[in-house]
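Structural description and commentary
One-letter residues, chain by chain:
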Amino acid sequence: MKTYHLYLIQDDIAKTYFGREFLLFDLFSRFSNANSLTEKKVLYKQIQFVTKPIKTIKLHHRIEQALQSSVAYKKEEECHLLYGEQEESCTLRLYHRHVEIHSQGSGEWETIFFEVLRKNEATFLAMNYHERRYGWLNPIKQERKFV
């Protein structure tokens, strides 16, 4: 099973840290592994600063619109579910400051969710702590400045 945590990063922070995503990944992974309460509080404040709230109602609606015609899609309460043959499945849950995706099987299902999220918000950063993988769903275009 693969688990992804996605955070909506502030636009200016996303532009600044494009190409240096490992620094953001380090912040979030240190928070998830922090043992002391004081360390967690400091890291939490930093995470609050670099992320922006997710408009969950709007995103729930957009996910439903994008996937409602799919036979493999189902919504159960606050959870979006994609499922296939041979016990392949993927669930997506929206929270105020992050999105969690749990996937079992091939990478096809989480890619479908990633695509829907990418089309709706420009600065989602996806992280898989277990495999130490991370990246932007929608890479930020760098502006060239001519002098």
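Everything below is about the structure printed above this text.
One structure accompanies this document, and this report is about it. (Residues numbered from 1 in each chain as written. Predicted model: local features only at pLDDT ≥ 70, side-chain atom pairs only at ≥ 80, totals over all residues. Heavy atoms only, no water.)

Digging into the sheet that holds strand S1 (residues 2-8)
The strands making up a sheet associate through backbone hydrogen bonding, with each pair oriented either parallel or antiparallel. Pairing in this open sheet of seven strands is antiparallel, and the strands run S2-S3-S4-S5-S1-S6-S7 from one edge to the other. In this open sheet, the two strands that pair with only one neighbour each are strand S2 (73-76) and strand S7 (133-136). Averaged over all pairs of adjacent strands, the angle between strand axes in this sheet comes to 20°, irrespective of strand direction. Two elements, strand S4 (residues 89-94) and strand S5 (residues 99-104), share six bridges in a ladder whose sense is antiparallel. Bridge pairing in S5 places cysteine 90 opposite serine 103. (Pairing = 2+ DSSP bridges. Helix = DSSP H or I, 4+ residues; strand = E, 2+ residues; numbered from the N terminus. Axes fitted to C-alpha atoms, helices over the stretch in contact; angles between N-to-C directions.)

Describing the nonpolar core
Counting residues in hydrophobic clusters, the biggest one holds 23 residues, and the most contacted among them are Leu6, Ile63, Val99, Ile101, Leu117 and Phe124. Mapped onto this core, the elements with two or more residues apiece are S1, helix H4 (56-67), S4, S5, helix H5 (108-120) and strand S6 (124-128). Of all the elements, H5 adds the most residues to this core, at five residues. Ile9, Leu24, Ala34 and Leu125 belong to the second largest nonpolar core, which has 16 residues in total. (Core = buried A, V, L, I, M, F, W, Y, C linked by side-chain atoms within 4.5 Å. Buried < 20%, exposed > 50% of the residue type's maximum accessible area, 1.4 Å probe, protein only.)

Structural notes on a nonpolar patch on the surface
Where nonpolar side chains cluster on the molecular surface, the patch consists of Phe22, Leu23 and Tyr134 and spans about 270 Å² of accessible area. Inspection of the secondary structure puts leucine 23 in helix H2 (residues 21-33). By relative accessible area, which is 36% here, leucine 23 ends up partly exposed. (Patch = residues over 30% accessible without salt bridge, like charges linked within 9 Å, V, L, I, M, F, W, Y side chains within 5 Å. Areas by Shrake-Rupley, 256 points an atom, 1.4 Å probe, with all protein chains shown as cover. Salt bridge = Lys/Arg side-chain N within 4 Å of Asp/Glu carboxyl O.)

As for the packing of aromatic side chains
One pass over the structure, following the stated rule, counts five aromatic pairs. An angle of 35° between the planes, with centres 6.2 Å apart, marks the rings of phenylalanine 31 and tyrosine 44 as tilted. Taken together, the positions of phenylalanine 31 in helix H2 and tyrosine 44 in helix H3 (residues 37-50) put the pair 13 residues apart, joining distant regions of the chain. Taking the relative accessible area as the measure of exposure, tyrosine 44 reaches 43% and is therefore partly exposed. (Phe/Tyr/Trp six-rings, centres within 6.5 Å; stacked < 30°, edge-to-face > 60°.)

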